[in-house]
Amino acid sequence: MSGVNAETVATSPEAVAQHLAASRYLADDSLATAIFLAIRLGKPLLLEGAPGVGKTEAAKAIAELLGRDLVRLQCYEGIDAAHALYEWNYQRQLLAIRHAGEHEIDIYDDRFLIARPLLQVLRAPEQRVLLVDEIDRSDHEFEALLLEFLSDFQISIPERGTIRAAAQPIVILTSNRTRELAEALRRRCVYHWIGYPDAEREAAIIMLRAGDVAEATARAVAAAVQTIRARPLAKPPGIAEAVEWANAATILEKGGSPWPEAFRRAIGVLIKDEEDLSYIAPELGRIVDEALV
Amino acid sequence: MPRAAAPLLGFGRLLRRYGFAIAPEQISSFMQAVTLLGPRSMADIREAALATLAPPPDRRDEFEAHFQSHFYGNTSAVVEGDADEETRIKDNGGADDQRIEAEHSQEGGELSSALEQLSTRDFLRDDDRLTAFRRKLSTALPARRSFRTVRTHSRGKLDLRRSLREIVSADGDVPSPLLRRRQTVPRKLLLLIDVSGSMKLHTADYLKLAHAAVQGADRAEIFTFGTRLTRITTALRIRDRSQALARAAAQVDDWDGGTRMGPTLLAFLSVPRFSSFARGAAIVILSDALERGDHVELEMAMRRLSARAFRLSLATPLAGDPRFRPVTAALRAILPALDDLVDGSSLAGLTDFILSLARPAPAAATIWKRVS
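Residues numbered from 1 in each chain as written. Chains lettered and ligands numbered in written order. Predicted model: local features only at pLDDT ≥ 70, side-chain atom pairs only at ≥ 80, totals over all residues. Heavy atoms only, no water.

## Structural notes on the overall build of chain A
The condition that has to hold: Starting at the N terminus, helices and strands are each numbered in turn, a helix being any DSSP run of H or I of at least four residues and a strand any DSSP run of E of at least two. Contacts were defined at the residue level, with two residues in contact if any of their heavy atoms lie within 4.5 Å. Throughout, the Shrake-Rupley method with a 1.4 Å probe supplies accessible areas, and for residues the shown protein chains are the sole cover considered. Counted as positive: Lys and Arg. Counted as negative: Asp and Glu, with His and the chain ends omitted from the count. Where a charge sits is defined by one atom per residue type, namely NZ (Lys), CZ (Arg), CG (Asp) or CD (Glu).
Scanning chain A from N- to C-terminus turns up 14 helices and nine strands. Counting only C-alpha atoms and orienting by the principal axes, one finds that chain A spans roughly 80 × 45 × 35 Å. Expressed as a percentage of contacts within chain A between residues at least 6 apart in sequence, the contacts between residues at least 24 apart total 72%. Accessible surface, chain A as shown: approximately 12600 Å² in total, 50% of it carbon and sulfur. A gap of 2 Å separates the mean positions of the 32 positive and 44 negative side-chain charges of chain A.

## Some details on the environment of Thr234 of chain B
Residue and element names in this part refer to chain B. Our working definition: Accessible area is worked out with a 1.4 Å probe on protein chains only. A residue is then buried under 20% of its type maximum, exposed over 50%, and partly exposed in between.
Relative to the helices and strands, Thr234 resides in helix H9 (residues 233–236). Residue Thr234 is classed as partly exposed on the basis of its relative accessible area of 38%. Taking the C-alpha atoms as reference points, Thr234 and Ile222, separated by 12 residues in sequence, lie 8.8 Å from one another.

## Brief notes about the side chain of Thr217 of chain A
Within the secondary structure, Thr217 of chain A is located in helix H11 (residues 215–229). Residue contacts for Thr217 of chain A: discarding those within four places in its chain leaves Thr250, Trp259 and Phe263 of chain A.

## Some points on the pattern of salt bridges
Here the idea is simple: oppositely charged side chains can pair when their charged atoms come close. Condition: By definition, a salt bridge exists where a carboxyl oxygen of Asp or Glu is found within 4 Å of a side-chain nitrogen of Lys or Arg.
Counted by the stated rule, this structure contains 40 salt bridges over all chains. By sharing partners, the salt bridges in this structure join Arg231, Glu283, Arg286 and Glu290 of chain A into a single network.

## A look at the confidence of the model for chain B
All names here are of chain B. The following threshold applies: Per-residue confidence from the predictor is given as pLDDT, running between 0 and 100.
With 85% of its residues at a pLDDT of 70 or more, chain B shows a mean pLDDT of 83. Put simply, helix H5 (residues 94–106) is where chain B has its lowest mean pLDDT, 41, and strand S7 (residues 282–286) is where it has its highest, 96. Every residue in residues 78–121 is under pLDDT 50, and counting partners more than four places away or in other chains gives 52 contacts. Two summary scores accompany this predicted model of the complex, namely pTM at 0.78 and ipTM at 0.85.

## Concerning the sheet that holds strand S1 (residues 143–152) of chain B
Residues and elements named next belong to chain B. To keep it simple, the criterion reads: Should DSSP find at least two bridges between two strands, the strands are regarded as paired.
The strand order across the open sheet formed by three strands is S1-S3-S2, and the pairing between neighbours is antiparallel. A single partner strand is all that each edge strand has here, and the edge strands are S1 and strand S2 (157–158). When S1 meets strand S3 (residues 179–186), the two strands line up antiparallel, connected through seven bridges. If you follow Arg145 over to S3, its bridge partner there is Thr184.

## Topic: the sheet that holds strand S6 (residues 229–231) of chain B
Residue and element names in this part refer to chain B. For clarity, the threshold we go by: Note on geometry: axes are lines fitted to C-alpha atoms, helical ones only across the stretch in contact, with angles between N-to-C directions running from 0 to 180 degrees.
The strand order across the open sheet built from six strands is S6-S5-S4-S7-S8-S9, with neighbouring strands paired in mixed fashion. Lying at the two open borders of the sheet, with one neighbouring strand each, are S6 and strand S9 (340–343). Put simply, the sheet's adjacent strands are angled 20 degrees from each other on average, direction ignored. Pairing of S7 with strand S8 (residues 311–316), which is carried by five bridges, proceeds in the parallel orientation. Paired with Ala282 across the strands is Arg311, a residue of S8.

## Observations concerning the packing of aromatic side chains
The condition is simple: Any pair of Phe, Tyr and Trp rings, taking the six-membered ring for Trp, is counted once the centres come within 6.5 Å. Such a pair is stacked with planes under 30 degrees apart, edge-to-face with planes over 60 apart, and tilted for the rest. By definition, being over a ring means that NZ of Lys or CZ of Arg is both within 6 Å of the ring centre and within 35 degrees of the ring normal.
For the structure on display, the rule yields 15 aromatic pairs over all chains. One Lys or Arg, Lys188 of chain B, reaches over the ring of Phe277 of chain B and ends 5.3 Å from the middle of that ring.

## A closer look at the packing of helix H11 (residues 261–270) of chain B against helix H13 (residues 296–308) of chain B
Residue and element names in this part refer to chain B. Counted only if it meets this: Rotating anticlockwise by less than a right angle from the far helix to the near helix defines a left-handed crossing, while the corresponding clockwise rotation defines a right-handed one. Three classes are used, and their members are as follows: Ala, Val, Leu, Ile, Met, Phe, Trp, Tyr, Cys and Pro are nonpolar, Asp, Glu, Lys and Arg are charged, and the others, Gly among them, are polar.
Running from N to C, H11 and H13 cross one another at 35 degrees; their axes reach a closest spacing of 7 Å. As for how H11 packs across H13, the hand of that crossing is left-handed. Residues Met261, Gly262, Pro263, Leu265, Leu266, Phe268 and Leu269 of H11 form the contact with H13, whose participating residues are Glu297, Leu298, Met300, Ala301, Met302, Arg304, Leu305 and Arg308. Taken together, the residues of the contact of H11 with H13 sort by class into 11 nonpolar, one polar and three charged.

## Considering helix H2 (residues 13–22) of chain A
Our working rule: Here the arc refers to the set of directions running from the helix axis out to each C-beta atom.
Burial in H2 of chain A covers these residues: Pro13, Ala15, Val16 and Leu20 of chain A. Projection of H2 of chain A onto a plane perpendicular to its axis shows the buried side chains occupying an angular sector of 160 degrees, all on one side. Residues Gln18 and Ala22 of chain A are exposed on H2 of chain A and point more than 90 degrees away from its buried face. Of the surrounding elements, those touching the buried residues of H2 of chain A are helix H1 (6–9), helix H3 (29–41) and helix H4 (55–66) of chain A together with helix H2 (24–37) of chain B.

## Quick notes on the interface of chain B and chain A
We apply this condition: In short, buried area is how much 1.4 Å probe accessible area vanishes from two parts on joining, totalled over both. Two N or O atoms form a polar contact when they lie within 3.5 Å of each other; inside protein one atom must be a possible hydrogen donor and the other a possible acceptor, and for residues adjacent in sequence the pair counts only when both atoms belong to side chains.
Between chain B and chain A, the residue contacts involve 48 residues of the former and 46 residues of the latter. The junction of chain B with chain A conceals about 4100 Å² of combined surface from both sides, 55% of it contributed by carbon and sulfur atoms. If you look at where chain B meets chain A, you find six salt bridges. On inspection of chain B and its partner chain A, the count reaches 13 residue pairs in polar contact (both at pLDDT 80 or more). Class assignment of the residues belonging to the side of chain B that touches chain A gives a composition of 23 nonpolar, eight polar and 17 charged.

## Focus: the nonpolar core
Definition in use: Only buried residues count toward a nonpolar core, which is a set of Ala, Val, Leu, Ile, Met, Phe, Trp, Tyr and Cys residues joined through side-chain atoms within 4.5 Å.
Ranked by size, the top nonpolar core spans 68 residues in total, and within it Trp245 of chain A together with Leu192, Phe268, Ile283, Ile285, Met302 and Leu305 of chain B carry the most contacts. Beyond its immediate chain neighbours, meaning those up to four positions away, Ile285 of chain B contacts Leu192, Phe225, Met261, Leu265, Met302, Leu305, Leu312, Ser313, Leu314 and Ala315 of chain B.

## A word on a negative patch on the surface
Residue and element names in this part refer to chain A. Quick reminder of the rule: Excluding any residue in a salt bridge, patches collect residues exceeding 30% relative accessible area, merging like charges within 9 Å and nonpolar Val, Leu, Ile, Met, Phe, Trp and Tyr side chains within 5 Å.
A contiguous patch of negative charge, built from Asp28, Asp29, Asp198 and Glu200, is present on the exposed surface. With respect to the element layout, Asp28 can be found in the loop between H2 and H3. By relative accessible area, which is 33% here, Asp28 ends up partly exposed.

## Structural notes on the pairing of S8 of chain B
Residues and elements named next belong to chain B. Burial analysis of S8 places six of its six residues in the buried class, which makes it a mostly covered element. Burial of the side chains of S8 extends over both faces: Arg311, Ser313 and Ala315 are buried on one face and Leu312, Leu314 and Thr316 on the other. Where S8 meets S9, four bridges bridge the pair, whose relative direction is parallel. In the sheet register, Ala315 faces S9, and the bridge partner there is Val342.

## Examining the packing of helix H3 (residues 42–53) of chain B against helix H4 (residues 60–71) of chain B
All names here are of chain B. Stated precisely, the cut-off is as follows: Convention used here: angles under 35 degrees read as roughly parallel, angles over 145 as roughly antiparallel, angles from 65 to 115 as roughly perpendicular, and any remaining angle as oblique.
Running from amino to carboxyl end, H3 crosses H4 at an angle of 140 degrees, the nearest separation of the two axes being 12 Å. Our classification of the angle between H3 and H4 gives oblique. Here H3 runs over H4; the crossing is right-handed. On the side of H3, the interface is formed by Met42, Ile45, Arg46, Ala49, Leu50 and Leu53, while H4 contributes Arg60, Phe63, Glu64, Phe67 and Phe71. For the contact of H3 with H4, the residue count by class is eight nonpolar, no polar and three charged.

Below is the structure:
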């Protein structure tokens with residue numbers, strides 16, 4: 001993928017918002033400002049927020065607007081250097097030692113080095129967009145491991161020395177706040193908290209993302225989803241679920257179900273927790289009726 | 001330094017004074033960001049401050065208030081729509097609470113004098129007990145296998161990375177296989193403390209216990225609930241107990257009020273950060289579970305907590321009375337979801353119980369069926 005110069009795209013927060021909209025991602029002023037600052041200051045961008053508010057989508061949209069490849073590192077408990085940075089190919093090293101016999105052999109040669117996402121990004125000749133997804137799922141040790149990378153865009157391999165980025169990558173970290181992140185990590189990043197959008201913006205997102213949903217339907221879905229999110233649910237619906245709900249209701253409506261009924265029947269794509277469903281069921285009819293007004 | 005930079009530097013200093021961790025590089029990023037944005041309006045300065053100084057979401061409203069007071073001279077401003085709303089829920093039945101509070105205030109003198117006597121007499125012994133509790137806690141909590149691995153001498157998988165280093169340094173000779181095994185880590189401990197009027201006699205002790213738990217356990221989270229839900233873990237991380245308790249006390253707004261146990265626990269579950277903490281944790285609820293009104297929400301909240309938790313326990317001071325039986329409608333409804341229903345009337349009992357969480361025990365419903 002051949003990209004454009006990041007600084008020519010990020011001339012102002014408004015320009016960033018416009019480019020993102022062209023990549024079918026609607027960012028509010030704050031998010032556009034944070035992305036603009038992250039690109040221009042050359043710092044990683046840390047996006048926090050509830051699940052389903054579009055953090056990962058934002059990273060994809062940034063990669064698209066810059067025309068860069070996106071390298072994604074999904075974090076999980078127990079992730080370590082061997083999964084994120086690099087690993088030696090031990091089997092090949094052993095074989096090489098056996099074959100070498102009496103000859104000298106450098107077992108820390110490039111051909112034995114398996115580059116994991118962070119090293120791939122550093123060695124890429126072109127600027128890449130790196131997404132470190134759900135950093136809150138990893139352990140504190142892994143967070144500490146990332147600090148060198150995030151502040152200087154370099155990693156140290158004991159056997160090889162320090163490897164610096166050929167082209168400084170654009171790094172986006174996301175977190176669902178399942179735990180607090182270390183201050184050291186937060187202060188290296190440009191920070192933005194993504195909340196749920198207001199009804200108007202959510203309706204616009206639904207219009208943009210869903211297939212052939214009428215504007216009135218998108219508005220009704222956005223209004224109903226706002227009301228449903230205000231309830232104490234185990235899994236409040238995200239934006240993607242709202243889009244799916246609008247799509248599913250439209251399909252059912254075209255199949256012959258009248259409006260309120262189509263919404264009610266499609267509720268399974270919005271709420272995916274059985275207890276939440278039974279909690280919201282008695283109120284659902286009223287919520288949908290009010291949203292359709 | 002340009003004169004225009006002085007207010008920006010001053011804002012950083014102000015935040016530091018109020019306990020925000022602001023690094024020097026963040027201040028320079030803040031100034032760079034303001035320059036990059038123009039700035040065309042005060043909104044740009046605010047956005048730059050939020051992006052570069054990165055206030056924790058819990059303290060976002062405090063940050064906004066400082067911003068307003070520093071740049072606008074408005075000392076009473078608090079901006080709406082902050083992320084802090086996720087940690088607290090407001091009581092809709094305010095009228096009922098006032099009535100309950102009024103009832104309690106009539107007997108307040110008697111209650112508080114009783115509390116004073118108790119705590120003076122038991123203070124030193126309690127202190128020793130809590131110190132011992134803190135020391136034992138990290139090893140006493142139930143454990144699980146982590147996905148991280150540690151070096152081991154027996155029963156593990158071959159550690160190729162280390163073995164290869166050994167092979168190279170010993171010229172191809174491996175004296176013994178080098179192994180790794182999945183690490184064992186203590187489970188999380190989650191304490192939910194009822195601070196409503198009916199628990200007034202016990203909340204001071206519970207907070208001391210919570211402080212010892214946060215100090216002793218690797219991962220402990222403490223919430224208080226009454227009519228609101230408040231996370232006080234950060235306050236309790238301060239090592240000095242009196243300072244920590246004073247800070248926690250200042251965070252809780254609903255001391256000695258009514259209880260809305262069901263809705264507050266549901267609010268807890270609806271915040272992903274909190275409910276994910278409950279997953280696989282040992283959860284101890286310190287409450288008398290005297291829910292007013294309908295208990296349907298309490299029952300649902302308990303079922304959900306129980307589904308997430310490794311072990312869900314309710315410690316009620318009412319069980320200190322030998323005549324206690326779980327006969328109220330709310331207790332009967334939640335009993336099947338509980339792993340333990342135990343006496344929470346004394347610190348000694350509670351500390352012993354928490355230290356015994358790793359030991360298996362019959363379900364609460366079985367025990368209480370046998371008793372009654």
